[in-house]
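# Descriptive structure summary
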Amino acid sequence: MFEETEKMILEDRQGEVLVIGPETKGGKKIFLESYGCQMNFSDSEVVASIMSKNGFSLTKDLSEADAVFINTCAIRDNAEQTVRKRLKDFNVLKKNKPAMLVGVLGCMAERLKQKFLEEEKIVDIVAGPDSYRDLPRLVETAESGQKAVNVFLSREETYADISPVRLDENGVSAFVTIMRGCDNMCSFCVVPFTRGRERSRDPQSIVSEAKDLLDNGYKEVTLLGQNVDSYKWEGANGEKVNFAMLIEMVALVSPELRVRFSTSHPKDITEDVVLTMLKYENICNYIHLPVQSGNSRILKLMNRTYDRDWYLDRVKMIRSIIPDIGLSTDIISGFCSETEEEHKDTLSVMEEVGFNYAYMFMYSERPGTPAEKKLDDDVPTAEKNRRLRDIIDLQNKYSLKHNKSFIGKTCKVLVEGNSKKSDEMLKGRNDQNHTVVFPRENYRRGDYVMVKIEDCTSATLIGRTI
């Protein structure tokens, strides 16, 4: 299954415009559009909070905006090309409304920095992921006719004291960022250069945010970090909190609050984390554990710091503790110098693990990464595509097999809203993160319901409530 709904890149939310309720009406208006990963959408909620506290309101009507912010992603080339095309759309509007400011935020802003002002002549503001507190000043600077840039990467900024504005359209599930940045330096990845070094939030601020979400009707939180298993915090009195301890603290907020997390790294996930998941019913039995490749030589070139056997050992450990765990992964086809035999090693890892679903891409070289500087992107595009097709076809097989195994079983499902295909059907997710659809009856968003699975596709479980 080429499942797209819960990976780090949120395909169904690309270009989503954030807007908040009528209490923020008035003042100058900002049109805030987001692209990329879960972290970017979480960051947009922080931006909305900062700007609303400084007298700005948000609008979904581009024509009435005094400023347009586009929160960007740099992880894939096509993500950047989407932003450039969107900036051309804004340019058309800006010609008729020259006072309107255009700001580029996030990872693409951090990667290109000053070049953005030179390449995209309509851009007035460039702000990296650690400079959102500075946005009101940047807007003021741009209003005076100067270009405004802040791409400073901080070693301390976590926005822990800012209560993010939440999207109105769900009201059930929310992201909670527990750490920022990444220290892993995978050779293909731009994140360490666009989001800086790892730093973890104060655990009490995370617990407080989870409590606030519960008080406001939310039923599920997803704890976010580029590598959540490396979360570590030490207080002034020497108190230490690791990730296993943190998820326990959040789970104890309420048994009615579901807890998920993303993303785990195979080198860091521990038995303590999995045992804590087993201990608490409200911590979902689901782990996203990117493998990237099934070949040890390629993993070394990727600087993933584990080999094939280490990865398989981690899967064995996880399943020995929670046999019915939902496991998803990331896979890259056609990385630098990958041979056909090494591609087959990836297929064999997929067969050995049998992932519930996977997020699958062909390798896209990113400027400034170690791979771009040191390795040749020498696998032809047609070959990358063929290998990707092999991976997708195999994953479809295992996703359907997993989903068929649920037929006849009963799942606890958190209702998230209407099914995409029919307002007469509701959808939600079960413990293992499978999408489940079932008749509406009298249930509402935010309800927990027991659903007996009667049918499935490779992407969806279909059932009826009992």
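Look a little higher up for the structure.
To keep things clear, this report deals only with the structure shown in the data block. (Residues numbered from 1 in each chain as written. Predicted model: local features only at pLDDT ≥ 70, side-chain atom pairs only at ≥ 80, totals over all residues. Heavy atoms only, no water.)

### Considerations on the sheet that holds strand β15 (residues 286-288)
We count it as follows: Two strands pair if DSSP finds at least two bridges between them. Comment: elements are numbered from the N terminus, with helices defined as DSSP H or I runs of at least four residues and strands as E runs of at least two. Think of each axis as a best-fit line through the C-alpha atoms, taken over the contacting stretch in the case of a helix, with angles from 0 to 180 degrees between the N-to-C directions.
The strand order across the open sheet formed by three strands is β15-β16-β17, and the pairing between neighbours is parallel. Strand pairing shows two members of the sheet lacking a second neighbour, β15 and β17 (357-362), which therefore form its edges. Averaged over all neighbouring strand pairs, the angle between strand axes comes to 10°, with direction disregarded. Bridge count for β15 against strand β16 (residues 326-333) is three bridges, and the pairing is parallel. By the bridge assignment, H288 is partnered in β16 with S328.

### Regarding the pattern of salt bridges
Charged atoms that come close allow side chains of opposite charge to pair. As a reminder of what qualifies: Any carboxyl oxygen of Asp or Glu within 4 Å of a side-chain nitrogen of Lys or Arg constitutes a salt bridge here. For every residue, the accessible area obtained with a 1.4 Å probe (protein chains only) is divided by the maximum for its type, and the residue is called buried under 20%, exposed over 50%, and partly exposed between those limits.
Enumeration over the complete set of coordinates arrives at 37 salt bridges. In this structure, E33 and R86 form a salt bridge, with 2.7 Å as the shortest nitrogen-oxygen distance. Of this pair, E33 sits in strand β2 (residues 28-34) while R86 sits in helix α2 (residues 77-96), and the two are 53 residues apart along the sequence. Of the two residues, E33 and R86, both sit in the buried class. E209 is paired through a salt bridge with R201; the nearest N and O atoms lie 2.9 Å apart.

### Overview of the packing of aromatic side chains
Put simply, the rule is: Centres within 6.5 Å make a pair out of two Phe, Tyr or Trp rings, where for Trp the six-membered ring is used; the pair is then stacked when the planes are under 30 degrees apart, edge-to-face when over 60, and tilted otherwise.
All told, the structure shown has eight aromatic pairs when counted by the stated rule. Plain terms: the ring middles of F243 and F261 are 5.1 Å apart, the flat faces sit at 85° to each other, and that makes the pair edge-to-face. Here F243 is found in helix α8 (residues 243-251), whereas its partner F261 is found in strand β14 (residues 258-262), with 18 residues between them in sequence. Looking at F261, the relative accessible area reads 3%, which means it is buried. Ring centres of F335 and Y363 lie 4.8 Å apart, and the angle between their planes is 70°; this geometry places the pair in the edge-to-face category. On the criterion of sequence distance, the pair formed by F335 in the loop between β16 and α12 (340-353) and Y363 in the loop between β17 and α13 (370-374) is long-range, its members being 28 residues apart.

### Comments concerning the sheet that holds strand β18 (residues 410-418)
Two modes of strand pairing occur in sheets, parallel and antiparallel, and in both the strands are linked by backbone hydrogen bonds. Strand order in this closed barrel of five strands is β18-β19-β20-β22-β21, and the pairing throughout is mixed. In this sheet, adjacent strand axes meet at a mean angle of 55° when their direction is disregarded. Examined bridge by bridge, strand β19 (residues 425-429) and strand β20 (residues 435-439) share five bridges and lie antiparallel to one another. What sits directly across from G428, in β20, is V436.

### Some details on the pairing of strand β21 (residues 448-456)
When a strand is regular, its side chains alternate between the sheet's two faces. As defined by bridge partners, β18 adjoins β21 across five bridges and the pair is classed as antiparallel. Looking at the pairing, V413 lines up with V449 of β21. Pairing analysis gives five bridges linking β21 to strand β22 (residues 460-465), with the strands arranged antiparallel. Across the sheet, the residue bridging to C456 is L461, located in β22.

### Comments concerning the side chain of R387
As a reminder of what qualifies: Here, two residues are considered to be in contact whenever any of their heavy atoms come within 4.5 Å of each other.
Among the structural elements, R387 can be located in helix α14 (residues 381-404). Contact partners of R387, with chain neighbours within four places excluded, come to S333, G334, E338, T339, E340, H343 and V379.

### Considerations on unusual backbone geometry
Going from S262 to T263, the amide bond is cis rather than trans, its omega being 10°. Residue placement: T263 occurs in the loop between β14 and α9 (271-279). Phi is positive for N303, close to 60°, though the residue is something other than glycine. As for its placement among the helices and strands, N303 is situated in the loop between α10 (296-301) and α11 (308-321).

### Notes on the side chain of N227
The line we're drawing: Here a polar contact is recorded for every N or O atom pair within 3.5 Å, except that within protein the pair must consist of a potential hydrogen donor and a potential acceptor, and residues adjacent in sequence are included only if both atoms are side-chain atoms.
Along the polypeptide, N227 turns up in the loop between β11 (220-224) and β12 (232-234). Given the relative accessible area of 0%, N227 is considered buried. There is a polar contact of 2.7 Å between the side chain of N227 and the side chain of D268. Ignoring sequence-local partners within four residues, the contact set of N227 consists of M179, N184, E198, T263, S264, H265, K267 and D268.

### Focus on helix α5 (residues 135-143)
For α5, the complete set of buried residues consists of L135, P136, L138, V139, T141 and A142. In this structure, the buried side of α5 is in contact with α1 (38-53), β3 (56-58), β4 (67-72), β5 (101-106), β6 (125-127) and β7 (148-150). Taken from the residues just after α5, G145 is the one with a positive phi, measuring 100°.

### Regarding the layout of surface pockets
In plain terms, the rule: Space inside and on the surface of the protein is sampled on a 1 Å grid over the protein atoms alone, with a cavity defined as a set of points where a 1.4 Å probe fits but cannot get out and a pocket as an open set with protein on both sides within 12 Å along at least 5 of 7 lines; lining residues have an atom within 4 Å of a point. Grid points are joined across faces, edges and corners, and a volume is the space filled by probe spheres set on the points. Classification convention: Asp, Glu, Lys, Arg as charged; Ala, Val, Leu, Ile, Met, Phe, Trp, Tyr, Cys, Pro as nonpolar; all other residues, Gly among them, as polar.
Approximately 230 Å³ is the volume found for the second largest pocket. Lining the second largest pocket are 13 residues, with D324, N356, H402, S405 and F406 positioned closest to its centre. When grouped by side-chain class, the residues that make up the lining of the second largest pocket number four nonpolar, six polar and three charged.

### Details of the pairing of β19
Sheet topology note: the β18/β19 ladder contains four bridges and is antiparallel. What sits directly across from N418, in β19, is L426. Here β18 hands over to β19 after six residues, the two strands then running antiparallel side by side. Adjacent in sequence and paired antiparallel, β19 and β20 are bridged by five residues, among which N433 carries a positive phi angle near 75°.

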